[in-house]
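Here is what each chain is made of, one letter per residue.
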Amino acid sequence: MLSFYIFVFLSFPLEARATTKLEPVGAVYPVLEPDIRVEMKANAAEQWELHKKGYLEKAQKYQPDNLQKLPRAQRDHSFTVDMTYTLDRELVNGDGKILYPKGYQFNPLDYMNFTIGLVVIDGADPDQVDWFKQSPYASNHKMKLLLSGGYAQSLIQELDRAVFYLDKEVAGRFKLAAVPCVVVQQNKHIQVTEFFIGEKME
């Protein structure tokens, strides 16, 4: 009999819990705290925009340390450059056997072609930028545009093409002395042509 009463006692609370609808007690307020996931996404987007802005600002004013600045050409002038190279040390193979002795001379153009050309201007000189735009080189993407001054990033956007900087090593190898100039292969030599585009407008 005791077990019967225990069964009845336990049955009623369970039934009550199953059928009773709980109502809120007291005032109810909306949740004011923002969703942490939304906050994290917004913060990440903001940080990315700041990073991108900072990168673009630096890129707009970037110039390499080894940039070779060149003066404006004072006359039309063309000359050839002998690309013959003299080894300043011995070249040996894995066994230590000398392949080419120090002092050996060779012309790279005997073995390969300079398949591209170079156009070098001072990007800070509006006259030279205009000269390039009106030249046949502007639409010839086999001609690589190098700057001896100015900023590549702004000209990339303005010209809608790749723009690079002239470094001291390239300028020295091709004996570049004035801009604007064009560098192309001519038989087994390199030909450099400097263009006089008038006195610089101040």
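Here the structure is a predicted model, which is why all the values come from computation and not from measurement.

Observations concerning the environment of Lys-142
Here Lys-142 lies in the loop between helix H3 (126-134) and strand E7 (143-149). With 24 residues separating them along the chain, Lys-142 and Leu-118 place their C-alpha atoms 8.5 Å apart. Those residues in contact with Lys-142, other than ones at most four positions away along the chain, are Ile-116 and Gly-117.

Here's the deal with the confidence of the model for the chain
Looking at the chain, pLDDT values average 82 and 75% of them are 70 or higher. Averaged over each element, pLDDT in the chain is lowest for helix H1 (residues 2-19) (48) and highest for strand E6 (residues 117-122) (97). In the predicted structure, residues 12-18 sits below a pLDDT of 50 and forms 0 contacts with residues beyond four places in sequence or in another chain.

Points about the sheet that holds strand E9 (residues 181-186)
Taken together, the 6 strands give an open sheet; going across it, the order is E1-E10-E9-E6-E7-E8, and neighbouring strands pair in mixed fashion. Both outer strands of the open sheet, strand E1 (77-81) and strand E8 (164-165), are each paired with one neighbouring strand and no more. Inspection of the sheet shows E1 paired to strand E10 (residues 189-194) by 5 bridges, in the antiparallel sense. In the sheet register, Val-81 faces E10, and the bridge partner there is Ile-190. Taken strand by strand, H3 contacts E6, E7 and E9, and its axis lies near 150 degrees from that of E6.

What about the environment of Lys-102?
On the secondary structure map, Lys-102 appears in the loop between strand E4 (98-100) and strand E5 (105-106). Taking the relative accessible area as the measure of exposure, Lys-102 reaches 59% and is therefore exposed. Lys-102 has contacts with Leu-87, Asp-88, Arg-89 and Glu-90, leaving out every residue within four places of it along the chain.

Points about the packing of aromatic side chains
For the structure shown, the criterion picks out 7 aromatic pairs. On the numbers, 6.3 Å between centres and 20 degrees between planes, the contact of Tyr-104 with Phe-106 is stacked. Its relative accessible area of 29% is what places Tyr-104 among the partly exposed residues. A relative accessible area of 26% places Phe-106 in the partly exposed class. Judged by centre distance (5.7 Å) and plane angle (50 degrees), the ring pair of Phe-114 and Phe-174 falls under tilted. Of this pair, Phe-114 sits in the loop between E5 and E6 while Phe-174 sits in the loop between helix H5 (168-173) and E9, and the two are 60 residues apart along the sequence. With a relative accessible area of 23%, Phe-114 lands in the partly exposed category. On the basis of relative accessible area, Phe-174 is assigned to the buried category, the value being 9%.

Details of the pairing of E9
Judged from the 3 bridges that link them, E6 and E9 form a sheet pairing that is antiparallel. Following the sheet pairing, Leu-118 is matched in E9 by Val-183. Of the strand pairs in this sheet, E9 and E10 are connected by 6 bridges, and their pairing is antiparallel. For Gln-185, the partnering residue across the bridge sits in E10 and is Ile-190. Between E9 and E10, which pair antiparallel in sequence order, lie 2 residues; one of them, Asn-187, sits at a positive phi of approximately 55 degrees.

Quick word on the side chain of Arg-161
Tracing the sequence through the fold places Arg-161 in the loop between helix H4 (152-159) and E8. For the buried Arg-161, no salt bridge exists, and the shortest N-O distance to an oppositely charged side chain is 9.2 Å, to Asp-160. Among the polar contacts listed, one links the side chain of Arg-161 to the backbone oxygen of Met-143, at a separation of 2.5 Å. Discounting chain neighbours no more than four positions away, the residues touching Arg-161 are Phe-132, Tyr-137, Ala-138, Asn-140, His-141, Met-143, Lys-144, Leu-145 and Ile-156.

Thresholds applied
- Residues numbered from 1 in each chain as written.
- Predicted model: local features only at pLDDT ≥ 70, side-chain atom pairs only at ≥ 80, totals over all residues.
- Heavy atoms only, no water.
- Helix = DSSP H or I, 4+ residues; strand = E, 2+ residues; numbered from the N terminus.
- Contact = heavy atoms within 4.5 Å.
- pLDDT = per-residue confidence, 0-100.
- Pairing = 2+ DSSP bridges.
- Axes fitted to C-alpha atoms, helices over the stretch in contact; angles between N-to-C directions.
- Buried < 20%, exposed > 50% of the residue type's maximum accessible area, 1.4 Å probe, protein only.
- Phe/Tyr/Trp six-rings, centres within 6.5 Å; stacked < 30°, edge-to-face > 60°.
- Lys, Arg positive; Asp, Glu negative; His and termini not counted.
- Salt bridge = Lys/Arg side-chain N within 4 Å of Asp/Glu carboxyl O.
- Polar contact = N/O pair within 3.5 Å; in protein donor to acceptor, adjacent residues only side chain to side chain.

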